[in-house]
Amino acid sequence: MEAVLSIAGSDSSGGAGIQADIKTIAAHRLFAETAVTALTAQNTLGVTDVLDVDPAFVSQQIDAVFEDIRPAAVKVGMVSSAAIIEAVADALERHGAANIVVDPVMVATSGARLISEDAVEALRARLLPLADVVTPNMPEAEVLCRFAVDDDASMERAARELAGRVRGAALVKGGHSFARADDVLVAHADAPALWLRAERIETENTHGTGCTLSSAIACGLAKGLPMEEAVRAAKAYVHGALASGLDLGKGSGPLDHMWE
């Protein structure tokens, strides 16, 4: 059984972050490992508070994982400060981590900001160059690329620019558009854009969608799937989890990670 490491924040409501990652990895019949970067007090209505973990302790968690049950893939989610990003990047470089999926989490589904301004620049400079794939949604791609990302052309432009900054692929997710849920994948800076078209599922319960997708991609890579196949499989998994119709909480509820 291959292991997948999630480096992310804890979601007390269980729908996103570390908890969503563990459920996704377990649903793919792989072994979940974690390095917690932050604790959040949150539910489906929003985030009440965030408590960052000491960067040195984040590093110690990653070291402990790699020195024993080495992960075949790594998903990096919420890293809220520049110091934590530096610690994560240093640790991943130190251990020669492979199959790194960077989900540049900046804003929760509820709208709460989860990353400081200085952390955005650290993410660009330290984490993006380590990524085998980066998976921003449209607003996140806009922040990373510093131009408006609001239609197919700008999504494709952003994916191509980001693919030039990482060591692998860029997937710009279109779930924030109103009509459809189309994503665009650029496998490397010189590759043609591949559109992954999908009908939009009408639901308010999308808490943890991005965390779940990035973890599912990491699972596919851990199993040895090529990038395109891993992304397609992950998108199908999230589609099923949304379509299952789980309805929990008073706000934007979680997905059904065990729908299969």
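The coordinates are above.
What comes next concerns the included structure. Not measured: the values here are computed from a predicted model.

What counts and what doesn't
- Per chain, the residues get numbers from 1 upward, laid out in the order the sequence is written.
- pLDDT decides what is reported in this predicted model: residues at 70 or higher carry local features, side-chain atom pairs at 80 or more are listed and counted, and totals for whole chains, interfaces and linings draw on all residues regardless.
- Side-chain numbers here rest on the full set of heavy atoms in the structure, without hydrogens or water.
- Remark: nonpolar core denotes a set of buried residues (Ala, Val, Leu, Ile, Met, Phe, Trp, Tyr, Cys) joined through side-chain atoms within 4.5 Å.
- Exposure classes here rest on a 1.4 Å probe applied to the protein chains alone. A residue is buried below 20% of its type maximum, exposed above 50%, and partly exposed in between.
- Secondary structure elements follow DSSP: runs of H or I no shorter than four residues count as helices, runs of E no shorter than two count as strands, and numbering proceeds from the N terminus.
- Contact definition: two residues touch when any of their heavy atoms are within 4.5 Å.
- Note on definitions: angles span 0 to 180 degrees between N-to-C directions of axes, and those axes are lines fitted to C-alpha atoms, for helices only across the stretch in contact.
- Any angle between 65 and 115 degrees counts as roughly perpendicular, while under 35 counts as roughly parallel, over 145 as roughly antiparallel, and the rest as oblique.
- Put simply, a crossing is left-handed when the front helix is turned counterclockwise from the back one by less than a right angle, and right-handed when it is turned clockwise.
- Amino acids are sorted into nonpolar (Ala, Val, Leu, Ile, Met, Phe, Trp, Tyr, Cys and Pro), charged (Asp, Glu, Lys and Arg) and polar (every other residue, Gly among them).

### Considerations on the nonpolar core
Core analysis: the largest hydrophobic core is formed by 52 residues, its most contacted members being Ile 7, Val 74, Val 76, Val 88 and Leu 92. It is helix α3 (residues 82–94) that contributes the most residues to this core, seven residues altogether. For Val 88, the residues in contact, after removing those within four places along its chain, are Ile 7, Val 58, Ile 62, Val 76, Val 79 and Leu 127. Among the nonpolar cores identified, the runner-up in size contains 28 residues, and Ala 169, Leu 196, Val 231 and Leu 255 belong to it.

### Points about the packing of helix α2 (residues 55–66) against α3
Two elements in contact, α2 and α3, have axes whose closest approach is 8 Å; the angle formed by their N-to-C orientations is 20°. Judged on the interaxial angle alone, α3 and α2 are roughly parallel. The crossing of α2 and α3 is right-handed. Taking contact as the criterion, the partners of Pro 55, Val 58, Ser 59, Ile 62, Asp 63 and Phe 66 in α2 are, on α3, Ala 83, Ile 84, Ala 87, Val 88, Ala 91, Leu 92 and Arg 94. Looking at the contact of α2 with α3 residue by residue, the classes come out as 10 nonpolar, one polar and two charged.

### Quick look at unusual backbone geometry
Of note, Asn 99 is a non-glycine position whose phi angle comes to about 55°, a positive value. Assessed through its relative accessible area of 24%, Asn 99 is described here as partly exposed. Positive phi values are uncommon outside glycine, yet Arg 146 reaches one of about 65°. Mapped onto the fold, Arg 146 is located in the loop between α5 (138–145) and α6 (152–163).

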